[in-house]
Amino acid sequence: MTTYPNGIKAGRRSLLRGTAGLAALGIIAPQLPGLFAAASAQPKEAAVFNHPGKHKDLALLGDKPLVAETPEHLLDDDTTPTDKFFVRNNGGMPDEATNPDGWKITVEGEVNAKLELSLGQLKQRFPAQTHRMVMECGGNGRSFFVPPGRGNQWTNGGAGCAEWTGVKLADVLAAAGLKDSAKFTGSWGTDPHLSGDPEKRAISRGNPLSKSMDPHTMIVWGMNGQPLSHIHGGPVRLLVPGWPGSLSTKWLSNIVVRSTPHDGAGMGGTSYRVPVTPIVPGSSNDGKSFRDMEAMPIRSIVTAPANGTRLAAGTRRLALRGAAWGSSVGVARVDVSLDYGQTWQTASMAAPRNPFDWVRWTHSMPVSSDGYYEVWSRATDRNGVSQPIVAANWNPQGYGANPINRMAVMVG
Ligand SMILES: Nc1nc2c(c(=O)[nH]1)N[C@H]1C(S)=C(S)[C@@H](COP(=O)(O)O)O[C@H]1N2
Ligand SMILES: [Mo]
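Rules behind the numbers
- Residues numbered from 1 in each chain as written.
- Chains lettered and ligands numbered in written order.
- Predicted model: local features only at pLDDT ≥ 70, side-chain atom pairs only at ≥ 80, totals over all residues.
- Heavy atoms only, no water.
- Helix = DSSP H or I, 4+ residues; strand = E, 2+ residues; numbered from the N terminus.
- Buried < 20%, exposed > 50% of the residue type's maximum accessible area, 1.4 Å probe, protein only.
- Contact = heavy atoms within 4.5 Å.
- Areas by Shrake-Rupley, 256 points an atom, 1.4 Å probe, with all protein chains shown as cover.
- Near = heavy atom within 4 Å.
- Polar contact = N/O pair within 3.5 Å; in protein donor to acceptor, adjacent residues only side chain to side chain.
- Nonpolar A, V, L, I, M, F, W, Y, C, P; charged D, E, K, R; others polar.
- Salt bridge = Lys/Arg side-chain N within 4 Å of Asp/Glu carboxyl O.

Peer 1: I tried to follow the overall build of the chain on my own but got confused; where do I start?
Peer 2: Check the secondary structure of the chain and you find 4 helices and 24 strands. When burial is assessed residue by residue, the chain has 56% of its 412 residues classed as buried. A separation threshold of at least 6 residues defines the contact pool for the chain, and within that pool the share at least 24 residues apart is 73%. If you sum the accessible surface of the chain, you get close to 16400 Å²; carbon and sulfur atoms cover 52% of it.

Peer 1: Just to check I follow, could you spell out the site of ligand 1 for this structure?
Peer 2: Taken together, 20 residues lie near ligand 1, and Phe-86, Asn-90, Asp-191, His-232 and Lys-250 sit nearest. A distance of 2.7 Å is found between an oxygen atom of ligand 1 and a backbone nitrogen or oxygen belonging to Phe-86. For the shell around ligand 1, the residue count by class is 8 nonpolar, 8 polar and 4 charged.

Peer 1: Would you mind going over the side chain of Arg-360 with me for this structure?
Peer 2: On the secondary structure map, Arg-360 appears in strand S22 (residues 359-366). A distance of 2.9 Å separates a polar atom in the side chain of Arg-360 from the backbone oxygen of Leu-75. At a separation of 3.4 Å, a polar atom in the side chain of Arg-360 contacts the main-chain carbonyl oxygen of Gly-322. If we skip the residues at most four places from it in the chain, Arg-360 touches Leu-75, Asp-76, Asp-77, Asp-78, Thr-303, Gly-322, Ala-323, Ser-348, Met-349 and Ala-350.

Peer 1: Looking at this model, I keep getting lost on the pattern of salt bridges. Mind explaining?
Peer 2: One side chain can pair with another of opposite charge once the charged atoms of both are near each other. Per the stated rule, a full pass over the model turns up 17 salt bridges. The shortest N-O distance in the salt bridge between Lys-114 and Glu-108 comes to 3.7 Å. Judged by its relative accessible area of 28%, Glu-108 is partly exposed. When salt bridges that share partners are traced, they join Asp-76, Asp-78, Arg-321 and Arg-360 into one network.

Peer 1: How should the environment of Ala-392 be read in this particular structure?
Peer 2: By the secondary structure assignment, Ala-392 is in the loop between strand S23 (371-381) and strand S24 (405-411). The exposure class assigned to Ala-392 is partly exposed, which follows from its relative accessible area of 36%. Each C-alpha atom, one on Ala-392 and one on Phe-145, is 7.7 Å from the other, the two residues being 247 residues apart in sequence.

Right, here's the structure in full:
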């Protein structure tokens, strides 16, 4: 009984707080085919996440380091409010900056002149921009793998879509002057390793220069119109949209431009890497032949009604709302099914504001009778690639699981 996906947990938590939830009936939406587990075998209510400025219904996945995901029904806003945005730390948190504008960032390596900039100088020297973009943990969806991947058992809530304000990383790199040898970047934050050993880094990730030069890749100090909060990497972080969230270095202090791929903690082996040729689920592998994860796969979620909602007897229409994002080519379509995928209907989508924004979708779906229904959602990208039925391309650390979304409602 190890494979209960935590989506159940998230749904169950909200139900336990409600008055007429399905949990009370012992009915919980399974997230994987065949897992119709008895309520008694369900995980206990998730630990409560208590942090100033964060929503109390975020689901705590880990304490040390601090990791909390957003239940799907809390992702129902067009723009994810900061209090509902997931949190993923790999180490501790640095002390909070007392003088944010004095925070220093250095840029060095394959550049003509090493740059040292305070946040105040960064704001003055380069044009600011604001974009609404998804940031998503590379491990989002991990709990859907069978057998489970190693690490925090994310359901679909290791993602959010906020408005980020800052400058283009490309402008800052250009100011340092890129040498011909510049091919990759790497970055560090100031968060301490959990062991307390100052020689060790919690995480330090990097990507090809081309992604750093994308005008949507930013050094940000603002989130949803407010100064970037400490827990989200304030006063300043990287925001590398569309690729694993781990690249979006919080508490950003150092950027290095390199001729070879970055070699920080969290690079190489099986870290943020996926098989090129599929491997046997559950097998061990050193990841040497894997490739670095780049664009996150396409995903859709249902954000309303909440998983486990009980609707009045006689309800004959479901007003569904959700979101879809991911894929390097953009979301083309979202389909929903009320009959376990036998028939699908296409939802209406709002246009995304930029290639890294999510798509909000809505659909009004007829219900033929009272009873238990599962709502499935499936997004398809512009290349015709859809979410698989079950998590695909198993890998030891559980990256890239994006099966169709499943949630349940009870009518009557
Ligand atoms: N310095 C630093 N940056 C970091 C991390 C970290 O632990 N330390 N975690 C990364 C990971 S794995 C993710 S998914 C995102 C999470 O950002 P958030 O906590 O603001 O949601 O930050 C990334 N940046
Ligand atoms: Mo992550």
